[in-house]
Amino acid sequence: SARTSPCATTRSVSKVVGAGSCGIDYKELLDRRRRGMCPALFLAPMEGLGDRRFRRAFERSIGGFDEACTEFIRVPSKVENPEKMAAGLAKSYDKNELVQGTPIAAQLMGSNPELLALVATLLCERGAPRIDLNCGCPANKVTGNGAGSTLLKAPEHLHRCAEAIATAIRSASAETIMTVKMRSGFDDASLLVDNLYAAQEAGAEFLTLHPRTKADGYRVRAKWEHIGMAKDILHIPVVGNGDVISVATAQGILAETGCDGIMIGRGAVQDPFLFHRFRSAWGGSNAGFASEAEDVCRFVCCFAEEIQGVDLMHRGRKCHGATSARVNEGKMNSLKQVCKYLFTQNASMQAGLSPLLRTSPHSCTFEAFLKLVLQEIRSRWTPGGLQTDVQVDHFSYKR
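The text that follows walks through the structure, step by step, so that each part is easy to find. All figures in this text were calculated on a predicted structure; none of them were measured in a lab. Counting starts from 1 at the beginning of each chain's written sequence and moves along it residue by residue. Only residues with pLDDT of at least 70 are given local features in this predicted model, and only at 80 or more are side-chain atom pairs given and counted; all residues enter the totals for whole chains, interfaces and linings. Note: side-chain values were computed over all heavy atoms of the structure, leaving out hydrogens and water.

By definition, any uninterrupted DSSP run of H or I lasting at least four residues is a helix, any uninterrupted run of E lasting at least two residues is a strand, and each is numbered from the N terminus. The helix and strand inventory of the protein chain stands at 15 helices and nine strands. We call a residue buried when its accessible area falls under 20% of the maximum for its residue type, exposed when it is over 50%, and partly exposed in between, using a 1.4 Å probe and counting protein chains only. By residue count, 57% of the 399 residues in the protein chain fall in the buried class. In this description, contact between two residues means that some pair of their heavy atoms is separated by no more than 4.5 Å. For the protein chain, the proportion of contacts with a sequence separation of at least 24, taken over those separated by at least 6, is 76%. The Shrake-Rupley method, run with a 1.4 Å probe, gives the accessible areas here. Residue values count only the displayed protein chains as cover. Surface exposure of the protein chain reaches about 16,300 Å², of which carbon and sulfur atoms provide 51%.

Shown next as C-alpha cells:
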C-alpha cells in the first residue's frame, strides 16, 4: 500500500535550500508565512484559460505573484518515437516566457512513468525551476486517458509517476524540484491520505491541494479541512488552493489550514489585483494602481496584444483552411472567456456581461469588440476587490 507513516522517511527537502541556477529559493519562499511575512503566492496552471498569452499579459500589466506555472504539457501514454515526442513537448517550455522575470514552472500530465521521466529530463535542461505532476484535472477528455485526477484512483501508480519525474531530475543533476498538484480524490476523498503519502514518499518537495474531488468539478465549495489535514500529516510544505477570491478568504484559508502558501487561479482573473491586495494586507505597498479600471483595461489590452501576436504568427504559416471569420471568432472567444471572470466583479459588471457574450464575430471585428469591453470596464468597474461571491466554471462559457 502507498499509505505509510509520516515518520517512515527522513529524506530532507534539500533542493529547496538554495536558489541555484533556476533563480528561485522555494524554501525561503515557503518559509515566509512562518516569519510573519506575506505567504508564498502562486499563479495556478489553468488549462484553456491561463495559457501563455494570459500569463504574459497578466505579469506585464499587473502581476504580483511569486511564481507561475504552465498549463499542463500532455505526455501521451504510448508513442512510436519517444525521443522525438519528448523533444517536441519540451520545446513548448520557455523559462524566459514572462517578461518581468517572474519564474515559471512546468506542469506535466500523463500516466506513463518512463515517458514522463523523459520529458522531465529535457525540461531540466531547459532550466525549469520546478516540474509539477498534474493529479487534478477533472476534464473527461483527460481522465479518459488515465491521466489527471484519474491517478488519484491508484496511489501506487501516482507514486510511480511522481517518483519517475523525481528520479529523472536527480539524474540530470538539476536544481529543479518535483512537486505534485492534486484534488482530494476522484469520486470521493477516501484515498486522500494514501495519495498524499504517495506524493511525499515519491519525492515531492511540496504539494498543492485543491480540496474538491473530480466528481465535484467546481460546483461545490472547496473543503479547506482537507488542506489542514494534509498539513498535519505531511512533513513537506503544503500549498492551499481553492475559493480564495479576497483578502478575507486568503486569511481564512491560512487560519483554518496552516498552509505554507496560496495558489490562486480563477480568483486572480476575477480580481487581477488580488495578489497585490494580499501583499498590502501583510504590510506591503499597493502603490501604482491609482485607477483600478484603467489598470484592468491595460491588462485587457495586453491580453489582446498577445492574442493578436499569436494570430500574426499563425498567418506566417499554412492556415489549414481557416477563414478570417474563424480566426476572428477564435480571438473573440479568447477575450470572452477572460471577460466571463472579470465581469463577475460587481452586479453592474455582471449585467454588462451577457450582451458582450452575445456579440457575434460575424458582425463585429475583434478590434471593435475590444473597444466595447474597455468601455464597459471603464463605466462599471468598482475599486476595492470582488463585490460578489460568484464561482465560475471555466470549462463552459455558460454561467
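Within helix α7 (residues 192-202), 10 of the 11 residues are buried, which leaves the element mostly enclosed by the surrounding structure. By the burial criterion, the buried members of α7 are Leu192, Val193, Asp194, Asn195, Leu196, Tyr197, Ala198, Ala199, Gln200 and Ala202. A positive backbone phi angle near 115° is found at Gly203, which sits one or two residues after α7.

Take the pairing of strand β6 (residues 177-185) next. Counting buried residues along β6, nine of its nine residues qualify, which places the element largely inside the surrounding structure. The rule for pairing is simple: two strands pair if DSSP sees at least two bridges between them. Where strand β5 (residues 130-135) meets β6, six bridges bridge the pair, whose relative direction is parallel. Residue Asn134 lies in a different strand from β6, and its bridge partner there is Lys181. Where β6 lies against strand β7 (residues 207-213), five bridges are found, and the strand directions are parallel. By the bridge assignment for β7, Lys181 is matched with Thr208. In this region the chain leaves β6, passes through α7 and returns to the parallel neighbour β7; the handedness of that crossover is right-handed. Handedness of a crossover is defined as follows: orient the strands so they point away from the viewer, and if the path from the first strand over the helix to the second runs clockwise, the crossover is right-handed.

Glancing now at the pattern of salt bridges. When a carboxyl oxygen of Asp or Glu is within 4 Å of a side-chain nitrogen of Lys or Arg, the pair counts as a salt bridge. Applying the stated criterion across every chain, the model contains 21 salt bridges. The residue Glu306 makes a salt bridge to Arg56 at a minimum N-O spacing of 3.1 Å. You can see Glu306 sitting in helix α12 (residues 292-315) and its partner Arg56 sitting in helix α2 (residues 52-61), a full 250 residues away along the chain. With respect to class, Glu306 is no different from Arg56; both count as buried. Taking the shortest distance from any N to any O, the salt bridge between Glu305 and Arg60 comes out at 2.8 Å. Of the two residues, Glu305 sits in helix α12 while Arg60 sits in helix α2, which places them 245 residues apart along the sequence. Judged by relative accessible area, Arg60 falls into the partly exposed class, the value being 27%. Counted as one network, the salt bridges with shared partners bring together Glu28, Asp31, Arg34 and Arg35.

This brings us to the nonpolar core. Looking at soluble globular proteins, one finds that nonpolar side chains tend to be buried together. Working definition of a nonpolar core: buried Ala, Val, Leu, Ile, Met, Phe, Trp, Tyr and Cys residues. They are joined through side-chain atoms within 4.5 Å. Membership of the largest hydrophobic core comes to 105 residues, with the highest contact counts inside it found for Leu108, Leu123, Met182, Val300 and Ile377. At nine residues, α12 tops the list of elements feeding residues into this core. With sequence-adjacent residues up to four places away left out, Leu108 is seen in contact with Ile73, Val75, Leu116, Val119, Ala120, Leu123, Ile131, Asp132, Leu133, Asn134 and Ile165. Counting residues in each nonpolar core, the second largest holds 11 residues, with Tyr26, Phe42, Ala44 and Ile177 among its members.

Bringing the environment of Gly267 into the picture now. Tracing the chain through its elements places Gly267 in helix α10 (residues 266-270). With 22 residues separating them along the chain, Gly267 and Ile245 place their C-alpha atoms 4.6 Å apart.

Moving on, we come to the packing of helix α8 (residues 224-233) against helix α9 (residues 247-257). Here α8 crosses α9 at 45°, and the two axes come no closer than 8 Å. In this view, α8 runs oblique relative to α9, as classed from their interaxial angle. Judged by the sense of rotation from one axis to the other, the crossing of α8 with α9 is right-handed. Residue-level inspection shows Trp224, Glu225, Ile227, Gly228 and Lys231 of α8 in contact with α9, the latter providing Thr249, Gly252, Ile253, Glu256 and Thr257. Three classes are used: nonpolar for Ala, Val, Leu, Ile, Met, Phe, Trp, Tyr, Cys and Pro, charged for Asp, Glu, Lys and Arg, and polar for all others, with Gly counted as polar. Split into classes, the residues belonging to the contact of α8 with α9 amount to three nonpolar, four polar and three charged. Note on geometry: axes are lines fitted to C-alpha atoms, helical ones only across the stretch in contact, with angles between N-to-C directions running from 0 to 180 degrees. Just so you know how the angles are binned, under 35 degrees is roughly parallel, over 145 roughly antiparallel, 65 to 115 roughly perpendicular, and the rest oblique. Definitions for this section: a left-handed crossing has its near helix turned counterclockwise from the far helix by less than a right angle. A right-handed crossing has that turn clockwise.

Of note, Asp66 is situated in the loop between α2 and β2 (68-69). For Asp66, a relative accessible area of 15% puts it in the buried group. With residues near it in sequence (within four places) discarded, Asp66 still touches Ile24, Leu29, Arg32, Pro39, Ala40, Leu41, Thr102, Pro103 and Arg279.

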